[in-house]
Amino acid sequence: MNITSLRPKFIKYTEPIASFFIRLGVTPNQVSVLSVLFGFSCALAFAGRHFLAGSLLLFVSAILDLVDGNVARKNHTESRFGAVFDWIADKYVDAAVILGVGFSGIPIVSHLIDVPPVADFGVVGLALAGSLINTFIKPVTYAEIGFSERIAGKIEDPLEGVGFFGRPETILVLVLGGVTGYIWIAILLIAVCTNLSAVQRVFYLYRQYS
């Protein structure tokens, strides 16, 4: 069980926002671009150590990430390109936001143990790698195992509820870390949990398909 498995419930609450964008004539891909812009703005805020402002920007980006697909479904404008573009946009936002914390120069582990400051950026790199690899497993699964059935515009796959720490958890931890002033703990959690979650998914696939 993870937050991703609850996605349909969250999407339902974004329907008023989706209807608003539809009335304005905004396309799903344009909503995705807005999500990226808010995500990049968050990264800049994090890099400048404006963590509270960055968290609010990241929250808006996450909401828009739910809205784009809702706009497509309500307006009957789903497309395969839109699904791919949404996925790529998410990865750019994830990478930018985590790197933003790294470029802020705040201590992650160097204030806890006697290590050089470069170790802090190493933890950021581990968080970035875990965040991306944990989700890159999905398209590899689609390609190699052959999942293609679509439900509500998304490819149905066996990993939707597998892995205890996915993108929603990453976003939630970053937002909470920024709001509370403990962004360094957020990065530590992401570095550990995303990689453990990726291992969990690999073991699941091994048991199912080896």
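Per an unreviewed UniProt entry, the recorded name for the protein is CDP-alcohol phosphatidyltransferase family protein, and the organism is Methanoculleus nereidis. Taken verbatim from the UniProt record of the protein, the Sequence similarities (unreviewed entry) comment is "Belongs to the CDP-alcohol phosphatidyltransferase class-I family."

Along the backbone of the protein there are 8 helices and 2 strands. Helices (α) and strands (β) of the protein occur, in sequence order from the N terminus, as α-α-α-α-α-α-β-β-α-α. Looking at the protein residue by residue over its 210 residues, the buried ones come to 42%. Total accessible area on the protein is roughly 10,900 Å²; 70% of this is exposed by carbon and sulfur atoms.

What follows deals with unusual backbone geometry. A positive phi is found at Arg49, a non-glycine position, where the angle reads about 65°. Inspection of the secondary structure assignment puts Arg49 in the loop between α3 (28-47) and α4 (51-74). Residue Arg49 is classed as partly exposed on the basis of its relative accessible area of 48%.

Let us look at the environment of Val115. Mapping Val115 onto the fold places it in the loop between α5 (80-104) and α6 (118-145). You can call Val115 partly exposed: its relative accessible area is 25%. Not counting the four nearest positions on each side in its chain, Val115 is found in contact with Val109 and Ser110.

What follows is about the packing of aromatic side chains. Note on aromatic pairs: each is described by the distance of the centres and the angle between the planes. A full pass over the atoms with the stated rule returns 6 aromatic pairs. Consider the rings of Phe81 and Phe85, whose centres lie 5.7 Å apart with planes at 10°: the pair is stacked. With Phe81 and Phe85 both in helix α5, this residue pair falls 4 residues apart, about one helical turn. Residue classification places Phe85 among the partly exposed positions, given a relative accessible area of 23%. The interplanar angle of 65° and the centroid separation of 6.2 Å between the aromatic rings of Phe164 and Phe165 together place this pair among those described as edge-to-face. Assessed through its relative accessible area of 36%, Phe164 is described here as partly exposed. Its relative accessible area of 8% is what places Phe165 among the buried residues. The cationic tip of Lys91 hangs over the ring face of Trp87; the distance from NZ or CZ to the ring centre is 5.5 Å.

With that settled, the discussion passes to the UniProt feature "transmembrane region" (unreviewed entry) in the protein. Those places that UniProt annotates as "transmembrane region" (unreviewed entry) correspond, in this numbering, to residues 20-46, 92-113 and 171-198. With 89% helix and 0% strand, the stretch residues 20-46 has end C-alpha atoms that lie 30 Å from each other. With 93% helix and 0% strand, the stretch residues 171-198 has end C-alpha atoms that lie 17 Å from each other.

Moving on, we come to a nonpolar patch on the surface. Taken together, the side chains of Phe40, Val84, Ile88 and Tyr92 make up a nonpolar region of the molecular surface, amounting to roughly 380 Å² of accessible area. If one sorts the elements of the nonpolar patch by residue count, α5 sits on top with 3 residues.

Rules behind the numbers
- Residues numbered from 1 in each chain as written.
- Predicted model: local features only at pLDDT ≥ 70, side-chain atom pairs only at ≥ 80, totals over all residues.
- Heavy atoms only, no water.
- UniProt positions renumbered as here; feature names shortened; annotations may be inferred.
- Helix = DSSP H or I, 4+ residues; strand = E, 2+ residues; numbered from the N terminus.
- Buried < 20%, exposed > 50% of the residue type's maximum accessible area, 1.4 Å probe, protein only.
- Areas by Shrake-Rupley, 256 points an atom, 1.4 Å probe, with all protein chains shown as cover.
- Contact = heavy atoms within 4.5 Å.
- Phe/Tyr/Trp six-rings, centres within 6.5 Å; stacked < 30°, edge-to-face > 60°.
- Lys NZ or Arg CZ within 6 Å of the ring centre and 35° of its normal.
- Patch = residues over 30% accessible without salt bridge, like charges linked within 9 Å, V, L, I, M, F, W, Y side chains within 5 Å.
- Salt bridge = Lys/Arg side-chain N within 4 Å of Asp/Glu carboxyl O.

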